[in-house]
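Structure at a glance
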Amino acid sequence: MLHSISTESFGPLGEPMAKAVSACVHCGFCLAACPTYRELGQEMDSPRGRIVLMKEVLEGTLELAAAQPHLDRCLGCLACEPACPSGVPYRDLISPFRAVTAGKMYRSPGEKVRRFLAGTTLPFPARFRLAAMLGKVARASRFRRWVPRSWHAMLDLVPETLPAGQSWPEVNPAIGKRRARVALLLGCAQRVLDPDINTSTIEVLTRNGVEVLVPRAQGCCGGLAWHTGDLPAARRFARRNLLAFPADVDAIVTNAAGCGSAMQEYHLILRGTGDEELAEAFRHRVQDVSLFLVGLGLREPLREMPLTLAYHDACHLANAQEVRRQPRDLLRSIPGLNLVEITDAQYCCGSAGTYNLEQPGIAAALGAQKARAILATGADVVASGNIGCLTQLRLHLRQLGSPMEVRHTIQVLRDAHPTFS
């Protein structure tokens, strides 16, 4: 426990932070699992090192400024959790710590502007589409030199072309006999960067006898705000979704790993607000689409697809939600598809929400490593379950000159369905 200072000093998030700190026995098993420790080789850039830093800051024996650079470099990928024999809930420490210290952390004027732009555009699809269009213009060589160098990584993430916008009915009836009824989170950046993921999700679910509701009042999951320490914004988004999503559904389905894991942390985000009971019930209804489909079972055989596919584990699907087998099971159900594994698959690709913007050097190194590992598989296609990962993989495969197709798992499944062939 924290000895020198009362946990009450940090409000309702003090207790879960203290429990996470006290659970760590400093064994070091997490070091080998941590992408930033692997990249930088410093103890303070490992989960064990960061836990010590956060403990000392919370106890008042270390200045926040000394710890901040190492804490900022944490991806929040949670690869340390499955590696930890003591079961340290690192997620109960890193995001709450960022939240309770956000007002005390020094940010340069450029960082403040970058964070403001990210927080006021990414969670809002219409604004994000406009920002992406402006980014394409700014990326042109004649304009790029006028853009601050620290923003170049943000420009590089803007795709060459933006797909046309799509919309979805509020009620999508099951085809044939109804087997289940779900509500779908559409995501924010995903609606702009790859809206076909949502279309594919609805098509596959309805084809398998699932009625899909798309609540009009839904908003951002709040994950971006939560992982960058903006607790008030995270709570606003969480409360909005608590009200928007109906309780009389079999599941709240997500198709973006980061969104799903954030929604499963609503009990923590809303701790101490009086909404804990609603948040606790809500988070247990949230399921990734792959988990839901495997539990339901596909209704009919899929068509043959003779291709080799590499599957990339999104960190917030594999580590935060412990969903690893189900996407692979769905892909293996496609006749003719040869599923191959990626070397060092447990390491993050470097996307991690806004990490590309905050730590572009580390993000680029991790992205390039992942792209090279994918190419080494000899696969025709790479699939994953998170829009951030898909965007990162496309960027780094393109930079290596590879035309490899990057798809969401549900898009591959849709393409293998006889109805959509």
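Model, not experiment: these values are computed from the prediction. (Residues numbered from 1 in each chain as written. Predicted model: local features only at pLDDT ≥ 70, side-chain atom pairs only at ≥ 80, totals over all residues. Heavy atoms only, no water.)

A look at the pattern of salt bridges
In plain terms, the rule: Put simply, a salt bridge is a Lys or Arg side-chain nitrogen that is within 4 Å of an Asp or Glu carboxyl oxygen. Comment: elements are numbered from the N terminus, with helices defined as DSSP H or I runs of at least four residues and strands as E runs of at least two. Relative accessibility thresholds used throughout: buried, under 20% of the residue-type maximum; exposed, over 50%; partly exposed, between the two (1.4 Å probe, protein chains only).
By the definition in use, this model includes 26 salt bridges. Asp313 is the salt-bridge partner of Arg328, the closest N and O atoms lying 2.7 Å from each other. With a gap of 15 residues between them, Arg328 in helix α20 (residues 325-332) and Asp313 in the loop between β6 (307-311) and α19 (315-318) connect regions that are remote in the sequence. Residues Arg328 and Asp313 agree in their burial class; the two are buried. Here Arg328 makes a salt bridge to Glu341, at a shortest N to O gap of 2.8 Å. With Arg328 in helix α20 and Glu341 in the loop between β7 (337-340) and α21 (355-358), the pair connects residues that are 13 residues apart, well separated along the chain.

What about the side chain of Asp194?
Heads up, the condition is: By definition, residues are in contact when any of their heavy atoms lie within 4.5 Å.
Position of Asp194 relative to the elements: it lies in the loop between α11 (189-193) and α12 (196-207). Discounting residues that sit within four places of it in the chain, Asp194 has contacts with Pro163, Ile387, Arg394 and Gln411.

Remarks on the pairing of β6
In plain terms, the rule: Only strands joined by at least two bridges in the DSSP assignment are considered to pair.
The element β6 is extensively covered by neighbouring structure, given that five of its five residues are classed as buried. Both β6 and β7 contribute to a ladder of four bridges, which runs parallel. When the bridges of β7 are listed, Ala310 appears paired with Val340. Sheet analysis places β6 next to strand β8 (residues 381-384), joined by three bridges and oriented parallel. By the bridge assignment for β8, Ala310 is matched with Val382.

Some details on the side chain of Gln411
Put simply, the rule is: Nitrogen and oxygen atoms within 3.5 Å of one another constitute a polar contact, given that in protein one can donate a hydrogen and the other can accept it, and given that sequence-neighbouring residues count only through two side-chain atoms.
With respect to the helices and strands, Gln411 occurs in helix α24 (residues 409-415). Accessibility expressed as a relative area gives 0% for Gln411, which makes it buried. Reaching out from Gln411, the side chain makes a polar contact with the side chain of Asp194 at a distance of 3.4 Å. Beyond its immediate sequence surroundings of up to four residues, Gln411 is in contact with Asp194, Asp196, Ile197 and Ser200.

Re empty space enclosed by the protein
Selection criterion: The method works on a 1 Å grid over the protein atoms by themselves. A cavity is a set of points holding a 1.4 Å probe that cannot get out, a pocket is an open set with protein on both sides within 12 Å along at least five of seven lines, and residues with an atom within 4 Å of a point line them. Grid points are joined across faces, edges and corners, and a volume is the space filled by probe spheres set on the points. Amino acids are sorted into nonpolar (Ala, Val, Leu, Ile, Met, Phe, Trp, Tyr, Cys and Pro), charged (Asp, Glu, Lys and Arg) and polar (every other residue, Gly among them).
A complete count under the given rule lists three cavities of 30 Å³ or more for this structure. Here the largest cavity defines a volume of roughly 130 Å³. Contributing elements (two or more residues each) for the lining of the largest cavity: α3 (47-59) and α5 (80-83). Broken down by element, the residue count for the lining of the largest cavity peaks at three residues, all from α3. Here the residues of the lining of the largest cavity are counted per class, giving 12 nonpolar, three polar and two charged.

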